[in-house]
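Here are the chains, one letter per residue:
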Number of protein chains: 2
Amino acid sequence: MVRRSHGLSERQLKILEFVTTFQEKQGYSPSIRQIGDYIHVKSTSLVDYYLKQLEEAGYISREGRVSRSIRVIHPVYPATPNMPTQLTKAVREVGEAMRDILPIPILGVIVASEPIPMPPTQGTSYFDPDSSIDVARSMLPRSERVSELFALEVRGNSMIDAMVNDGDIVILRPAQEAHNGEMVAVWLDDRDETTLKYFYREGSRVRLQPANSTMNPIYIEDPSHLRIMGKVVMVIRQVSAPVS
Amino acid sequence: MVRRSHGLSERQLKILEFVTTFQEKQGYSPSIRQIGDYIHVKSTSLVDYYLKQLEEAGYISREGRVSRSIRVIHPVYPATPNMPTQLTKAVREVGEAMRDILPIPILGVIVASEPIPMPPTQGTSYFDPDSSIDVARSMLPRSERVSELFALEVRGNSMIDAMVNDGDIVILRPAQEAHNGEMVAVWLDDRDETTLKYFYREGSRVRLQPANSTMNPIYIEDPSHLRIMGKVVMVIRQVSAPVS
DNA sequence: ATCATACACGAACAAGTGTTCTGTGTCAAG
DNA sequence: CTTGACACAGAACACTTGTTCGTGTATGAT
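Bear in mind that the values here come from a model prediction, so they are computed numbers and not experimental data.

Trainee: When you look at helix H1 (residues 10–26) of chain A in this model, what are you seeing that I'm missing?
Mentor: Owing to its 3.6 residues per turn, the α-helix aligns residues three or four sequence positions apart on the same side. Residue and element names in this part refer to chain A. For H1, with 17 residues, the first-to-last C-alpha span of 24 Å sits near the 24 Å given by 1.5 Å per residue. Of all 17 residues making up H1, 12 are buried, and the element is well covered by its neighbours. Within H1 the residues assigned to the buried category are Gln12, Leu13, Ile15, Leu16, Glu17, Phe18, Val19, Thr20, Thr21, Phe22, Glu24 and Gln26. One or two residues past the end of H1 sits Gly27, with phi positive at roughly 85 degrees.

Here you go:
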């Protein structure tokens, strides 16, 4: 049962609620007139009158002659459902952001005509990537084994069928196998070619489906001629604004 | 060496610190003049000048013509931690980590058949986006006016010619005009259609060039039939790994 | 009836405050 | 040298805002 805070008139309560929620939503206090509008009181003096009461009762405090300086000491929330407070909301957002930026090493370029550079297979042996790209951890699946990720810059237009453009950054996780529907970077022995495709195993053969659904799939009859290098986790296109 | 991870000048930093701690101590924002006093700046206009910068950089937001309405988005605490409490320390660390991550609001979806949702044109009036996407500040040009950026989720395959897929996230900056070579989101009156294209002015007509260079451009003879909604800053494709 | 008290309006005022415009000096690029 | 950008001061302005005061109307107690 809702135990209403003691001895507050309806008006006083309404003001307290208003100030509380206003502050949470806006990040600053309402002015006297804004409070007046809300409780349908025409004169600023009357609002001030109520505020004085609330102040004496210890619910709020304010600074003399300072705009929007109401501090709520005992917050009162509307009886309506549990709306998240600013704080819990902020905490939640921070939690979601997991307060972290991942620098993902850019190991080189990915071109159709060549195998892709791969991270050193063994150990976390130090090596300096030329550069790296910062990605918020919140953008990756929580389960992602983040330390293995690496990035490549796309060179050329040969991967247009994968909806990947010259200059795009693809982020990969090393893998030798794939499940149906995953996008993989593969090396095709038959064609001497690196490509990005959606992977589907169909009986004994493999179908490689371009991301652009208007284009035709490739069928690989002998899966041993296909080397999966990694799964595509993300594609980032930084659209460079040309110098005016 | 103190690595200041953000491109803030000393003054800007000092202001951010001041506003942050002032708000924490007082429960409300300082006025422009109070800030000016603190950083020993005589004129309110100069303080406003700095606040505008901080606003554009996305560190704070304020309400036009409203006193003491500064909201600190990425708190910055003074570097003199004389015995920080457990809490303030935690808060500070979170703040520091958050500083380099920009939460960009996702305002809705972008479909060919409808105009795109736009951010409220004036007043940074606080509004709650359904969700947001975190982007590392380092991935954007330093000059970017970060506070205006917004994101849209692509729905449907109608923007394949722009190399943009169903489910992709595009990040935009509002704009009414564009320079040659910039990628823009436009509404075409003649076709009742939203599309993403590279923009080229050619004499009196405009050429809209698909990102996929194998496709043909659109020519708009009467540029008044073309409404530029924003410039594309980035495209992000989170490749969802299907549940194994 | 009288008085006190709580509630209410409106106006007027002064201070607080954000905005804008003009001007000045510096400094580096052209 | 000129130009344009940037950093800064100062003042004028308009709007916002808190404060105060005069007035009015109920209501209840005396």
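Back to the write-up after that little detour.
Trainee: I would appreciate a short explanation of the environment of Asp168 of chain B in the present structure.
Mentor: Residue and element names in this part refer to chain B. Considering the arrangement of structural elements, one finds Asp168 in the loop between strand E5 (150–154) and strand E6 (169–174). Look at Asp168 and you get buried, because its relative accessible area is 1%. Distance from Asp168 to Arg155, taken between C-alpha atoms, is 8.0 Å for residues 13 residues apart in sequence. Once residues lying within four places of it in the same chain are set aside, the contact partners of Asp168 are Leu152, Glu153, Val154, Met163, Val235, Ile236 and Arg237. At 2.9 Å, the side chain of Asp168 forms a polar contact with the backbone nitrogen of Asn165. One polar contact links Asp168 to Arg237, side chain to side chain, over a distance of 3.0 Å.

Trainee: Would you mind going over the side chain of Asn165 of chain B with me for this structure?
Mentor: Counting through the fold element by element, Asn165 of chain B comes out in the loop between E5 and E6. For Asn165 of chain B, a relative accessible area of 7% puts it in the buried group. Ignoring sequence-local partners within four residues, the contact set of Asn165 of chain B consists of Met163 and Ala211 of chain A together with Val154, Gly156, Asn157 and Arg237 of chain B.

Trainee: Looking at this structure, I do not really get the protein's contact with DNA strand C. What am I missing?
Mentor: Looking at DNA strand C, there are 25 residues lining it, with Arg11, Ser45 and Tyr50 of chain A together with Arg33 and Arg68 of chain B nearest. The side chain of Gln53 of chain A places a nitrogen or oxygen atom 3.5 Å from a phosphate oxygen of DNA strand C. Among the elements that take part in the surface near DNA strand C, helix H3 (residues 44–56) of chain A stands out by supplying six residues, more than any other. Each residue belonging to the surface near DNA strand C can be placed in one class, and the counts come to seven nonpolar, 10 polar and eight charged.

Trainee: Would you explain the protein's contact with DNA strand D in this entry?
Mentor: Around DNA strand D lies a shell of 24 residues, among which Arg33 and Arg68 of chain A together with Ser45, Tyr49 and Tyr50 of chain B are the nearest. Counted by atom, the contact set of DNA strand D within 4 Å of the protein is 59% sugar and phosphate. Thr44 of chain A places a polar side-chain atom, nitrogen or oxygen, 3.0 Å from a base oxygen of DNA strand D. Between DNA strand D and the protein, one listed contact pairs a base nitrogen with a side-chain N or O atom of Ser43 of chain B at 3.2 Å. Mapped onto the surface near DNA strand D, the elements with two or more residues apiece are helix H2 (32–38) and H3 of chain A together with helix H3 (44–56) of chain B. In terms of residues, the surface near DNA strand D owes the most to one element, H3 of chain B, which gives six residues. Taken together, the residues of the surface near DNA strand D sort by class into six nonpolar, 10 polar and eight charged.

Criteria and thresholds
- Per chain, residue numbering runs from 1 following the sequence as it is written.
- To label them, take the chains in the order written and letter them from A, then take the ligands in the order written and number them from 1.
- Per-residue local features are limited, in this predicted model, to residues with pLDDT of at least 70; the limit for side-chain atom pairs, both in listing and counting, is 80 or more; totals at the level of whole chains, interfaces and linings are taken over all residues.
- To get the side-chain values, all heavy atoms of the structure are used, and hydrogens and water are removed first.
- Every helix listed is a DSSP run of H or I at least four residues long, and every strand listed is a run of E at least two residues long, numbered separately from the N terminus.
- What a helix is expected to span follows from its residue count: subtract one and scale by 1.5 Å.
- Here the term buried applies to any residue with accessible area under 20% of the maximum for its type, exposed to any over 50%, and partly exposed to those in between, with areas from a 1.4 Å probe on protein chains only.
- The contact definition used throughout considers only heavy atoms, calling two residues in contact when any of these lie within 4.5 Å.
- The term polar contact refers here to a pair of N or O atoms within 3.5 Å; inside protein, the definition further demands a hydrogen-donor-capable atom paired with an acceptor-capable atom, and it admits residues adjacent in sequence only when both atoms are side-chain atoms.
- In this text, near means that some heavy atom of the residue lies within 4 Å of the molecule or strand in question.
- For this classification, Asp, Glu, Lys and Arg are treated as charged, while Ala, Val, Leu, Ile, Met, Phe, Trp, Tyr, Cys and Pro are nonpolar and the rest, including Gly, are polar.

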